[in-house]
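# Geometric and topological summary
Residues per chain, in single letters:
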Amino acid sequence: MPVIRCVLEKGAILPSYQTSGAAGADICAFLEKEIIIQPGSREIIPTGLCFEIPEGYEIQVRPRSGLAVKYGITCLNTPGTIDSDYRGQVKVILINLGEKPFVVHNGDRIAQLVVAPVLQAEFSVVSNLSSTSRGIGGFGSTGV
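Attention here is on the structure that accompanies the text. Fair warning: this is a prediction, and the values are worked out from it, not measured in the lab.

Here is what the cut-offs are and how they apply
Residues numbered from 1 in each chain as written. Predicted model: local features only at pLDDT ≥ 70, side-chain atom pairs only at ≥ 80, totals over all residues. Heavy atoms only, no water. Pairing = 2+ DSSP bridges. Helix = DSSP H or I, 4+ residues; strand = E, 2+ residues; numbered from the N terminus. Buried < 20%, exposed > 50% of the residue type's maximum accessible area, 1.4 Å probe, protein only. Contact = heavy atoms within 4.5 Å. Phe/Tyr/Trp six-rings, centres within 6.5 Å; stacked < 30°, edge-to-face > 60°. 1 Å grid on protein atoms, 1.4 Å probe; cavity = no way out; pocket = protein on both sides within 12 Å on 5 of 7 lines; lining within 4 Å. Points joined across faces, edges and corners; volume = space filled by probe spheres on them. Nonpolar A, V, L, I, M, F, W, Y, C, P; charged D, E, K, R; others polar.

Of the pairings in the sheet, the one linking strand β5 (residues 57-62) to strand β10 (residues 109-117) comprises six bridges and is antiparallel in character. What sits directly across from Arg62, in β10, is Gln112. Sheet analysis places β5 next to strand β7 (residues 80-82), joined by three bridges and oriented antiparallel. Counterpart to Gln60 in the pairing with β7 is Thr81.

This is the structure we're talking about:
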């Protein structure tokens, strides 16, 4: 299990897993005053957290299903990646796809974080690629 070192601004909340089987740890808003997200609008929500992620890992920022189904609130750039060499504050881009304004309060659980291993590849230029049954078929080429 990797250890993620965290620096918390005073009053920020450490991410936490809500159940023993949870893949994602909930992350909370860190606000001086509430933010209202109008329908169709997006806002950047600070968390007051900075991480030291071990090399070979990333943290993925993902939406919370409860906010999505109840209010139409989700994350843009999903899953967002926090790289192991980033040391700045984590901020979450929320968008309101619902029909009513949504209010984000300090301490609200706004997203979840998933720690995942990553590999870096070596990219090699070649003149052709091997054949597959799919070939160059793009979006929708394998059915609905």
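Okay, the environment of Leu113 next. Looking at the secondary structure, you find Leu113 in strand β10. Note on Leu113: relative accessible area 4%, which makes it buried. Taking the C-alpha atoms as reference points, Leu113 and Pro63, 50 residues apart in sequence, are found 8.9 Å from one another. With residues up to four places along the chain from it excluded, the contact list for Leu113 reads Pro15, Ala23, Gly24, Ala25, Ile27, Phe51, Ile59, Gln60 and Val61.

Bringing the packing of aromatic side chains into the picture now. Taken as a whole, this structure holds one aromatic pair when the rule is applied. With centroids separated by 5.2 Å and ring planes inclined at 50°, the aromatic side chains of Tyr71 and Phe102 adopt a geometry described as tilted. Taken as a pair, Tyr71 in helix α1 (residues 65-71) and Phe102 in strand β9 (residues 102-104) lie far apart in primary sequence, 31 residues in all.

Considered as a void within the structure, the largest pocket measures approximately 300 Å³ in volume. Considering the residues around the largest pocket, the lining is formed by 14 residues, among which Ile4, Pro15, Tyr17, Ala25 and Val115 are closest to the centre. Its residues assigned to classes, the lining of the largest pocket shows 13 nonpolar, one polar and no charged. In this model, the second largest pocket occupies a volume close to 210 Å³. Around the second largest pocket sit 14 residues that line it, and Val61, Asn77, Gly80, Lys91 and Val92 are the ones nearest its centre. When contributions to the lining of the second largest pocket are tallied by element, the ones reaching two or more residues are β7 and β8 (89-96). Looking at which element gives the most residues to the lining of the second largest pocket, the answer is β8, with five residues. Here the lining of the second largest pocket is built from residues that sort into eight nonpolar, five polar and one charged.

In short, geometric facts, not functional conclusions.
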